[in-house]
Amino acid sequence: MSSRRLPPNQQLIRGERWPFVGERSSAPGRGEWGLEIAGLVDRPCSLSLEEFARLPQTTKTVDIHCVTRWSKFDVEFRGVLLADLTPLVSVRPAAKFLSFVARSTREHSSSLPLAEALELGTLLATHVGGEPIPAEHGGPIRGIVPGKYFYKSVKWIERLDFLAENRLGFWEATAGYHDHANPWREERYVASNIDGRRARQLIASKDFSGQDLRGIDCRQRDLRGLNAREGLLRDANFSNCQLANADFSGANLSNANFFAANLRDARFVGADLEGAELSAADLRGADFRGCSWFGTSFCRLEDTSRSVDGALFDTTTRFDPSSLEQLTDEQRRYVEERTTDGRE
Ligand SMILES: Nc1nc2c(c(=O)[nH]1)N[C@H]1C(S)=C(S)[C@@H](COP(=O)(O)O)O[C@H]1N2
Ligand SMILES: [Mo]
């Protein structure tokens, strides 16, 4: 059952843990909170939190699927359904898209086709598990869009803009996040725009440092001693690569694929490895101190929960013991069983 409920290549977080992703707080000092409804509507309005709380309330239990490969089942949100808000403002037929705009320093937003937002049962949520949503998780009002990667669920919503044309959201416009965000089709990122020729030149230079090389395909290459410090390498494919002594310090490697890579003595200090695949990789002597490990995989799980293709660790593999907390139970157990020797 659970294997069907979990979208492809996601890992289940159990218990109370709920990671923070993206911005940690709203923009300070902008007065009272409320919700503004604007754009292609006949009756634009501004609701105070009290007015908002008097609207019909709906409770929904949803499964969260973050694009960095962690999922969390059965989170109970309460708030106002988008479908209960639209009649209040009388949305014009010309409105085809909805942009959720956050009160944040970078004016964070995300958008959806209006019909889809309604069909998915989008909620403007104020409560989680019966309590007000904590500020770090987007309170007082956050969007909840069931059935999409969680980046469509904007924290600290202060305005809904009804639009004729799509206005890409922050991640979608600046970071190549897929605008459709369907976890069942793995619509995580748009394809890399690095062509084969440029990729070959880069690979020959062995210098990826500080460059935006999202989605680069390096499968099976000899990249021993690669300098990839501070590189933007999200979703890059390094499977089966020779990467001994490579330096990925400070790199963004979220969702990168290192399956069966030789990473002996590689440096990952301070790297973002959220959602990265490290199964079957040789990690002896590798240094992961200061890494972020939410949703990182070190082994694969068969339906029976038996782990296969485990990464090779030994006591020379370095990492902060506290970062194990970020892993799912299965992944944590796998790593712990192989590294407790000689550690406190
Ligand atoms: N305002 C705002 N909303 C946001 C983001 C953000 O950076 N800013 N990140 C998105 C992403 S990528 C995810 S996975 C979820 C994370 O929500 P959480 O921190 O409550 O887990 O918020 C989404 N909404
Ligand atoms: Mo995310």
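Quick caveat, the model's predicted, so the values are computed rather than measured.

What counts, and where the lines are drawn
Residues numbered from 1 in each chain as written. Chains lettered and ligands numbered in written order. Predicted model: local features only at pLDDT ≥ 70, side-chain atom pairs only at ≥ 80, totals over all residues. Heavy atoms only, no water. Salt bridge = Lys/Arg side-chain N within 4 Å of Asp/Glu carboxyl O. Helix = DSSP H or I, 4+ residues; strand = E, 2+ residues; numbered from the N terminus. Pairing = 2+ DSSP bridges. Axes fitted to C-alpha atoms, helices over the stretch in contact; angles between N-to-C directions. Contact = heavy atoms within 4.5 Å. Core = buried A, V, L, I, M, F, W, Y, C linked by side-chain atoms within 4.5 Å. Buried < 20%, exposed > 50% of the residue type's maximum accessible area, 1.4 Å probe, protein only. Phe/Tyr/Trp six-rings, centres within 6.5 Å; stacked < 30°, edge-to-face > 60°.

Draft legend 1. Just the pattern of salt bridges, in detail. Scanning the model with the defined rule gives 26 salt bridges in all. With a shortest N-O distance of 3.0 Å, Arg 159 and Asp 161 are connected by a salt bridge. The salt bridge partner of Asp 329 is Arg 332, with a shortest N-O separation of 3.5 Å. Pair noted here: Asp 329 and Arg 332 are both in helix α7 (residues 329-339), with a separation of three residues, about one helical turn. Members of the salt-bridge network, linked through shared partners, are Arg 30, Arg 103, Glu 107 and Glu 158.

Draft legend 2. Geometry of the sheet that holds strand β7 (residues 109-113). Taken in spatial order, the five strands line up as β3-β2-β11-β6-β7 in an open sheet, and their pairing is mixed. Each of the sheet's edge strands pairs with one partner strand only, and the pair in question is β3 (45-48) and β7. On average, adjacent strands in this sheet sit at an angle of 15 degrees to one another, irrespective of strand direction. Two elements, strand β6 (residues 97-102) and strand β11 (residues 157-163), share six bridges in a ladder whose sense is antiparallel. Bridge assignment links Leu 98 to a residue of β11, and that residue is Phe 162. Against the sheet, helix α3 (residues 82-89) touches β2 (34-39), β3, β6 and β11, its axis set at about 65 degrees to β11.

Draft legend 3. Geometry of the nonpolar core. Counting 45 residues, the largest nonpolar core has Phe 238, Phe 248 and Phe 258 as its most contacted members. Secondary-structure elements contributing two or more residues to this core are α6 (196-205) and α7. Sorting elements by how many residues they give to this core places α6 first, with three residues. Excluding residues within four positions of it along the chain, Phe 258 makes contact with Phe 238, Ser 239, Leu 243, Phe 248, Leu 253, Leu 263, Phe 268, Leu 273, Glu 277, Leu 278, Ser 279 and Ala 281. If you look at the next biggest cluster of nonpolar residues, it comprises 24 residues, including Leu 98, Ile 141, Leu 160 and Phe 162.

Draft legend 4. Layout of the packing of aromatic side chains. Taken as a whole and judged by the stated rule, the model has 18 aromatic pairs. An angle of 75 degrees between the planes, with centres 5.5 Å apart, marks the rings of Phe 238 and Phe 248 as edge-to-face. A residue pair is termed long-range when its members are at least 10 positions apart, and Phe 238 in the loop between α6 and β12 (300-301) and Phe 248 in the loop between α6 and β12 qualify at 10 residues. Comparing Phe 238 with Phe 248 shows no difference in burial state: the two are buried.

These figures capture arrangement, not role.
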